[in-house]
Each structure stands twice: as structure tokens, then as C-alpha cells.
Amino acid sequence: IPLFMIITIFWITDQMFKKNLATFEELDSLAKDLGIINHTFPPQQGLSLLSWMVYNKRITDHYLPFINILKKARGESELKLRQDSLIQYFYGSIFGHQSLTNVLSTEPSAEPFIMVSTKRISERKSNFLINRTIYLKSKGLNLPHGSVERSLEFLSEISPDKRDINFISDEQFSKKFDLVGEDIPKIRTLFNQKVRNILLNNPEWIMKFKTNEILIPYQIKKESYNSINDIRTTRKEFTTLHQENQSI
């Protein structure tokens, strides 16, 4: 009964406020400009409670292949498609918000394959954080395993990470980021001045890279949730990053 009451509140709240058709149309327009595909599940309104529960299950099913691309890149177990049933509709309506909220990508066979996704990662009352993730896979890359994370300068001074790869000639980059990986000579070669500048221009980025894949999640503010300006800018930077790594 308490769970049913929660679902009913979610349903009423969802139907009271307009689905953001404007954002969906903006994503469509952006996808056409960039020559990519808008995989975002179309918003719907005016649904009965049961229809709304089924709709949420459809959203989860639709985004599952894209979620698994990211999970595989992070080394996590992939999710399996759950069969339609009343119990799946019921619980999916509670946990469906954990799915992605939009996806843009090139054709699956494109070289390189690029995907941009958005997901709410936490929610407290009216406050929430949004996680954008850019994923690239390219046959032209042969990357070592490694990662780049924002450095906590205060902690780094007290207890520096021995694994951190620093650049004596670029103190600004070394202070702002922790660069970690096994093949240090190759990583140093890959992170030339141009690549480091891209990261300095995007200090919110966290990067994971291995073999032919690059994964970059970053957070945007709640106020920017309905904006797609960062996608256009970030994809341009990301394309430059790919071209630079490919040339190296």
C-alpha cells in the first residue's frame, strides 16, 4: 500500500507538469545539425495510471542498450532485459528515474562511434544533479588503461598520490588533475600540451580511457537541465581530443 501511494504521487506529479517537449525538439534540432541520431524516448502526457506504468517500463527497455554500453566501458556487469509483467510495471515506476533521460549518438557502425547521454544521479526534494556522459569508441585508437580525475589540492599537498603522473613543465595541469595509469611513457606521450589544454578548458571532466574507448562523465547544474548548449561545445572539444589522440 505505501509503495502504491508513492507511485500514485509520482504519476499525479508527472501528469500535472508538462513534459518538456521543447527540450525534446531542441535535441532533435541539435541532432540534425550535428548529423547524429536523437535516441531520446518521446515524452507523453495525459496517461492513465496503468498506461503511465507501462510507459515507464518502455523507457527503461529503450535505454537498456545504451546503459549497457556505459556499464561495459566502466567494467561493470551489464543489465538484462526484464519481461513485461504487472510487477515489472509496478517497480519500474518507482525506479524508472534511474534510467537515462536522453541519448544522442552517431550510427552504431560509425567510425568513430560517439554517444552523449544524460541522467539524473541524485534527487532531494526539488534539488537534483545531472550527469552527462560522453562515450567514444574508435578503431583508430590504441590507448593504455588510465584515468584523469580532479585533484583535491589540499589533500594532494598533505598526502600526494604516488601513482599521479605529473608534468614539471605544466604545473597548472598537475595541480588540477590526478592522472593515473600503468604505461607511464605512453600516457605522457598521449597527454601532450594540446590534450592537457582541452582538459584545463573543461575542469569538470573526469576521464577513463582504455584500448579504443574514452569515457567522460561530467556534472551540470539543475538550472542547465533543459539546456543543450554544453553538448554542442563539449562534442566539439571531444572530437578534437579524438583527432589528437588518433594522430599520436
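Residues numbered from 1 in each chain as written. Predicted model: local features only at pLDDT ≥ 70, side-chain atom pairs only at ≥ 80, totals over all residues. Heavy atoms only, no water.

**Some details on the overall build of the protein**
Part 1 of the argument: Regarding its fold elements, the protein presents nine helices and eight strands.
Part 2 of the argument: Across the protein, every contact between residues at least 6 apart in sequence was considered, and the portion connecting residues at least 24 apart equals 65%.
Part 3 of the argument: Total accessible area computed for the protein in this model is approximately 14400 Å², and 56% of it derives from carbon and sulfur atoms. (Helix = DSSP H or I, 4+ residues; strand = E, 2+ residues; numbered from the N terminus. Contact = heavy atoms within 4.5 Å. Areas by Shrake-Rupley, 256 points an atom, 1.4 Å probe, with all protein chains shown as cover.)

**Concerning the nonpolar core**
Part 1 of the argument: Judged by nonpolar contacts, the single largest core of 35 residues is most densely connected at Leu179, Phe191, Met207, Phe209 and Phe238.
Part 2 of the argument: Among residues more than four places away in sequence, those in contact with Phe191 are Val148, Phe167, Phe173, Leu179, Arg196, Leu199, Met207 and Phe209.
Part 3 of the argument: Judged by nonpolar contacts, the second largest core, of 21 residues, contains Leu49, Tyr55, Ile59 and Phe90. (Core = buried A, V, L, I, M, F, W, Y, C linked by side-chain atoms within 4.5 Å. Buried < 20%, exposed > 50% of the residue type's maximum accessible area, 1.4 Å probe, protein only.)

**Considering the packing of helix α2 (residues 21-34) against helix α9 (residues 229-247)**
When two helices pack together, their arrangement is given by the angle between the helix axes and by the axis-to-axis distance.
Part 1 of the argument: Running from N to C, α2 and α9 cross one another at 25°; their axes reach a closest spacing of 11 Å. The angle between α2 and α9 places the two elements in the roughly parallel class. When the axes of α2 and α9 are compared, the crossing they make is right-handed. Of the residues in α9, those touching α2 at Leu27, Leu30, Asp33 and Leu34 are Ile231, Arg232 and Arg235.
Part 2 of the argument: Considering only residue class, the contact of α2 with α9 consists of four nonpolar, no polar and three charged. (Axes fitted to C-alpha atoms, helices over the stretch in contact; angles between N-to-C directions. Parallel < 35°, antiparallel > 145°, perpendicular 65-115°, else oblique. Left-handed = near helix turned anticlockwise from the far one by under 90°. Nonpolar A, V, L, I, M, F, W, Y, C, P; charged D, E, K, R; others polar.)

**Remarks on the packing of aromatic side chains**
Part 1 of the argument: All told, the structure shown has five aromatic pairs when counted by the stated rule.
Part 2 of the argument: Residues Phe113 and Tyr135 carry aromatic rings whose centres are separated by 6.1 Å and whose planes lie at 65° to one another, so their mutual orientation is edge-to-face. Separated by 22 residues along the polypeptide, Phe113 in strand β3 (residues 113-124) and Tyr135 in strand β4 (residues 127-137) bring together distant segments of the chain.
Part 3 of the argument: Looking at Phe113, the relative accessible area reads 10%, which means it is buried. (Phe/Tyr/Trp six-rings, centres within 6.5 Å; stacked < 30°, edge-to-face > 60°.)

**Describing the environment of Ser51**
Part 1 of the argument: Mapped onto the fold, Ser51 is located in helix α3 (residues 49-73).
Part 2 of the argument: The class of Ser51 is partly exposed, set by a relative accessible area of 36%.
Part 3 of the argument: As for Ser51 and Tyr89, which are separated by 38 residues in sequence, their C-alpha atoms are 9.4 Å apart.

**So, α9**
Part 1 of the argument: With 19 residues, α9 ought to run about 27 Å at 1.5 Å a step, and its terminal C-alpha atoms sit 28 Å apart, in line with that.
Part 2 of the argument: Along α9, the residues that are buried comprise Asp230, Ile231, Thr234, Arg235, Glu237, Phe238, Leu241, His242, Glu244 and Asn245. (Expected span 1.5 Å × (residues − 1).)

**Some words on the confidence of the model for the protein**
Part 1 of the argument: Overall, the predicted model of the protein reaches an average pLDDT of 83, with 87% of residues at or above 70.
Part 2 of the argument: Put simply, helix α5 (residues 153-158) is where the protein has its lowest mean pLDDT, 54, and strand β1 (residues 37-38) is where it has its highest, 93. (pLDDT = per-residue confidence, 0-100.)

**A few points about the pattern of salt bridges**
Part 1 of the argument: What the rule picks out here adds up to eight salt bridges.
Part 2 of the argument: For the salt bridge of Asp84 with Lys57, the shortest nitrogen-to-oxygen distance reads 3.0 Å. You can see Asp84 sitting in the loop between α3 and α4 (86-95) and its partner Lys57 sitting in helix α3, a full 27 residues away along the chain.
Part 3 of the argument: Under the relative-accessibility criterion, Asp84 is labelled partly exposed at 39%.
Part 4 of the argument: Salt bridges sharing partners connect three or more residues here, namely Lys57, Arg58, Asp61 and Asp84. (Salt bridge = Lys/Arg side-chain N within 4 Å of Asp/Glu carboxyl O.)

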